[in-house]
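A closer look at the structure
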Amino acid sequence: MKTALCVVAWVVIAPFLGGLLAGVDRIITARMQSRVGPPLLQPFYDVLKLFGKQGVAVNVFQNYYMVCFLVFVIVTGALFFSGGDILLTIFALAVAGVFFALGAFSPNSPYSNIGAERELLQMMSYEPILIIAAIGMFMVTKSWHVHDIAGFQKPLFVFLPGVFLAFLFVLTIKLRKSPFDLSTSHHGHQELVKGATTEFAGPSLAVIEIAHWYENVLLMGFVYLFFAFNWVVAIPAVLVAYFIEIFIDNTYARLTWHFTLKSSWIVAGVCGVVNIFLIAFLVK
Amino acid sequence: MSFFKKSPWVIHYDGSSCNGCDIEVLACLTPLYDIERFGIINTGNPKHADVFLITGTINEQNLEVVRNIYNQMPDPKVVAAIGICATSGGIFRECYNVKGGVDTAIPVDIYIPGCAVRPEAIIDGVVAALGVLEKKAAALKTMKASA
Ligand code: SF4
């Protein structure tokens, strides 16, 4: 019963939270550039407008893939927030990412093709760290279940500082923020146009946007797990983590995919793997 | 209730011009004018855009480019011709390669005169264009309902 409630809460509340997060993001970004910025509810206006637009599609599959992307992101979140297996969550998230890439490959436009290729490269960059994070959490809490990890009484963060740092590093990739906004460039008027989302208009773009909201809330859920021993600490920690991401977004120009791949593997190796080894020897 | 007024995404194209109006359009994005206050985003992608801002004249070479951008924009959409060059050809009118204003290539909804146009006038013009956009959105809806 409680599980079902969690799933329903996730499906209903997450898009609102994600939209608000996006709104706050845009306002803070604007303030950092000494602008006023849009209203808080702007992301919702954007999505509602997109649903009113004509849906121009190059072929019949492309929108279908993006709906699959949304569905799998929702399934991933449902697994996560109902306290399911964290490994399964990570794999389901990867499936969602693959659908996104497939959708972007589908219209055969050079921009979205480059975007899709880069999306796959990004997945290669962040996937090891996600797995390392799950392994680290297992080694400390002795459980693969989000339910038990969240219920662990000691601060996970203290046991896994390296893993947490590595996770923060890939969070930027996953949130599709600068300097790692390789697949869907954050601002359209650039060499990549809009990358993977270039060929999506109207309702299908709205679907992608909503899926991103779900994804962002899910990722914040991951950050929460590191501090889950006490929600009074955890919620500010999540907000600070998001703020750091916005700050990085505004202070760095986009990097190349070579650098993204190399640096994220190095960070995963140095911070993540070393941390895991230390845990293996120290926590018995 | 329609949300077109609250989130107009624009695409900007500069034809044959002195680039004066071009720069003024970009000036609208700066902290001083900050058009994102009104939810306006410069998308750079015709498939995401609602408003087509065009500065400069149409010549034989950019004619197809402008038509292509216009055709790729999903409905409802509006076109705003910014600056005297875009409305009528302006000082370039007599040039051998220039066809004239934007309306020689695609239908224009709003003309925003000035040489160069002030950012205030551009914002004013875009707001006027939004009125047209709302009407087109309503027309599209009734068309869909009757179809
Ligand atoms: S209208 Fe004047 S300022 Fe604008 S592009 Fe033409 S010549 Fe330049």
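All values derive from a computational prediction rather than experimental measurement.

Glancing now at the confidence of the model for chain B. On average, residues of chain B score 86 in pLDDT, and 99% of them are at 70 or above. The ipTM assigned to the predicted complex is 0.84, against a pTM of 0.88.

Residue and element names in this part refer to chain B. Neighbouring the ligand are the residues S17, C18, G20, C21, I84, C85, I91, G114, C115 and A116. Where the shell around the ligand is concerned, the elements lending two or more residues are α1 (20–27) and α3 (84–88). A per-class count over the shell around the ligand returns seven nonpolar, three polar and no charged.

A separate point is the layout of surface pockets. All names here are of chain A. In this structure, the second largest pocket encloses a volume near 860 Å³. In this structure, the second largest pocket is lined by 24 residues; those nearest its centre are F80, F81, V217, G221 and Y224. Ranked by residue count, the leading element in the lining of the second largest pocket is helix α1 (residues 2–32), at nine residues. Here the lining of the second largest pocket is built from residues that sort into 18 nonpolar, five polar and one charged.

Under the definition given, this model contains 19 aromatic pairs over all chains. Measuring from ring centre to ring centre gives 4.3 Å for F138 of chain A and W144 of chain A, while their planes differ by 5°; the resulting arrangement is stacked. One aromatic cluster in this structure is built from W10, F80, F81, F157, F164, F167, Y214, F222, F226 and F227 of chain A. Above the face of the W9 of chain B ring, K49 of chain A is positioned so that its terminal group lies 3.9 Å from the ring centre. Lying over the aromatic face of Y70 of chain B, K77 of chain B brings its terminal NZ or CZ to 4.1 Å of the ring centre.

Moving on: the pairing of strand β3 (residues 51–55) of chain B. Residues and elements named next belong to chain B. Within β3, five of the five residues are buried, leaving the element largely enclosed by the surrounding structure. The alternating pattern of β3 places V51, L53 and T55 on one face and F52 and I54 on the opposite face, and all of these are buried. Pairing geometry for β3 and strand β5 (residues 78–82), over five bridges, is parallel. Within β5, the residue paired with F52 across the bridge is V79.

Let's shift gears to the interface of chain A and chain B. Contacts between the two partners involve 29 residues from chain A and, on the opposite side, 24 residues from chain B. Interface of chain A and chain B: buried area, both sides summed, is about 2,300 Å²; carbon and sulfur atoms make up 55% of it. Summed over the three residues of chain A that lose the most area to chain B, namely R35, K49 and K53 of chain A, the buried surface amounts to 28% of that side. Where chain A touches chain B, the interface holds six salt bridges. Looking at side-chain class alone, the side of chain A that touches chain B contains twelve nonpolar, ten polar and seven charged residues.

All names here are of chain B. Structurally, T43 can be placed in the loop between β2 (41–42) and β3. Its relative accessible area of 4% is what places T43 among the buried residues. As a C-alpha pair, T43 and H12 span 31 residues in sequence and 8.3 Å in three-dimensional space.

Further remarks concern the side chain of T76 of chain A. All names here are of chain A. Position of T76 relative to the elements: it lies in helix α3 (residues 61–81). A distance of 2.5 Å separates a polar atom in the side chain of T76 from the backbone oxygen of F72. Once residues lying within four places of it in the same chain are set aside, the contact partners of T76 are T89, A92, L93 and L218.

A few words on empty space enclosed by the protein. Residues and elements named next belong to chain B. Taken as a whole and judged by the stated rule, the model has one cavity of 30 Å³ or more. The volume enclosed by the largest cavity comes to roughly 70 Å³. Along the walls of the largest cavity sit V10, V25, L26, C28, L29, I35, I40, N42, L53, I122, I123 and V126, which together make up its complete lining. Those elements that place two or more of their residues in the lining of the largest cavity are α1 and α4 (119–146). In terms of residue class, the lining of the largest cavity is made up of eleven nonpolar, one polar and no charged.

Sheet strands pair via backbone hydrogen bonds, and the direction of the pair is either parallel or antiparallel. Residues and elements named next belong to chain B. Taken in spatial order, the five strands line up as β2-β1-β3-β5-β7 in an open sheet, and their pairing is parallel. Each edge of the sheet is formed by a strand with only one pairing partner; in this case those strands are β2 and β7 (110–112). The sheet contact formed by β5 and β7 spans three bridges and is parallel. The residue bridging A80 from the neighbouring strand is I110, located in β7.

With that out of the way, let us pick up the pairing of strand β1 (residues 9–14) of chain B. Residues and elements named next belong to chain B. When you tally the buried positions in β1, you get five out of six residues, the bulk of the element. Alignment of β1 against β2, held across two bridges, turns out to be parallel. Of the residues in β2, the one forming a bridge with W9 is I41. Crossover connection from β1 via α1 to parallel β2: handedness right-handed. Note that β1 and β3 share five bridges and pair parallel. Following the sheet pairing, H12 is matched in β3 by L53.

Thresholds, definitions, all that
- Residues numbered from 1 in each chain as written.
- Chains lettered and ligands numbered in written order.
- Predicted model: local features only at pLDDT ≥ 70, side-chain atom pairs only at ≥ 80, totals over all residues.
- Heavy atoms only, no water.
- pLDDT = per-residue confidence, 0-100.
- Near = heavy atom within 4 Å.
- Helix = DSSP H or I, 4+ residues; strand = E, 2+ residues; numbered from the N terminus.
- Nonpolar A, V, L, I, M, F, W, Y, C, P; charged D, E, K, R; others polar.
- 1 Å grid on protein atoms, 1.4 Å probe; cavity = no way out; pocket = protein on both sides within 12 Å on 5 of 7 lines; lining within 4 Å.
- Points joined across faces, edges and corners; volume = space filled by probe spheres on them.
- Phe/Tyr/Trp six-rings, centres within 6.5 Å; stacked < 30°, edge-to-face > 60°.
- Lys NZ or Arg CZ within 6 Å of the ring centre and 35° of its normal.
- Buried < 20%, exposed > 50% of the residue type's maximum accessible area, 1.4 Å probe, protein only.
- Pairing = 2+ DSSP bridges.
- Contact = heavy atoms within 4.5 Å.
- Buried area = accessible area lost by both parts, 1.4 Å probe.
- Salt bridge = Lys/Arg side-chain N within 4 Å of Asp/Glu carboxyl O.
- Polar contact = N/O pair within 3.5 Å; in protein donor to acceptor, adjacent residues only side chain to side chain.
- Right-handed = clockwise from strand over helix to strand, strands pointing away.

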